[in-house]
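So you can see what is in the structure, the chains are spelled out below.
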Amino acid sequence: MTPQAAIARVVGGASLTEAEMASVATALLEGRMTAAQIGGLAIALRVKGESVDELVGAARALRDHMT
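Below is a short write-up of the structure. Here the structure is a predicted model, which is why all the values come from computation and not from measurement.

A pair of packed helices is characterised by two quantities: the angle between their axes and the separation of those axes. Packing of helix H2 (residues 18–29) against helix H4 (residues 52–64) brings their axes to within 7 Å, and their N-to-C directions diverge by 45 degrees. Put simply, H2 runs oblique to H4. For the pair H2 and H4, the crossing hand works out as right-handed. Facing H2, whose interface residues are Glu18, Ala19, Met21, Ala22, Ala25, Thr26 and Leu29, H4 presents Asp53, Glu54, Val56, Gly57, Ala58, Arg60, Ala61 and Leu62. Residue composition of the contact of H2 with H4, by class: nine nonpolar, two polar and four charged.

The next point concerns the pattern of salt bridges. By the definition in use, this model includes four salt bridges. Residue Arg9 is joined to Glu20 by a salt bridge in which the shortest nitrogen-to-oxygen separation is 2.5 Å. With Arg9 in helix H1 (residues 3–11) and Glu20 in helix H2, this pair connects stretches of sequence that are eleven residues apart. Looking at Glu20, the relative accessible area reads 18%, which means it is buried. Between Lys48 and Glu54 there is a salt bridge, with its nearest N and O atoms 3.1 Å apart. For Lys48, a relative accessible area of 24% puts it in the partly exposed group.

Basis of the calculations
Residues numbered from 1 in each chain as written. Predicted model: local features only at pLDDT ≥ 70, side-chain atom pairs only at ≥ 80, totals over all residues. Heavy atoms only, no water. Axes fitted to C-alpha atoms, helices over the stretch in contact; angles between N-to-C directions. Helix = DSSP H or I, 4+ residues; strand = E, 2+ residues; numbered from the N terminus. Parallel < 35°, antiparallel > 145°, perpendicular 65-115°, else oblique. Left-handed = near helix turned anticlockwise from the far one by under 90°. Contact = heavy atoms within 4.5 Å. Nonpolar A, V, L, I, M, F, W, Y, C, P; charged D, E, K, R; others polar. Salt bridge = Lys/Arg side-chain N within 4 Å of Asp/Glu carboxyl O. Buried < 20%, exposed > 50% of the residue type's maximum accessible area, 1.4 Å probe, protein only.

The quantities given are spatial measurements derived from coordinates; they are silent on function.
As structure tokens, this is what we get:
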């Protein structure tokens, strides 16, 4: 899932699946998101409220990028 699609979905009030959030978090960790996209996603998630799947997906991406 692209960062733009993820932001649009969350702004619309829908939650991301675990796999979708992992994909977006991977894009963030690999430097493929702009500062504006990161801020937009963070604010949209905060306004909507983070789901369990979103938290698990982000944690999975973080663990995959650990050294």
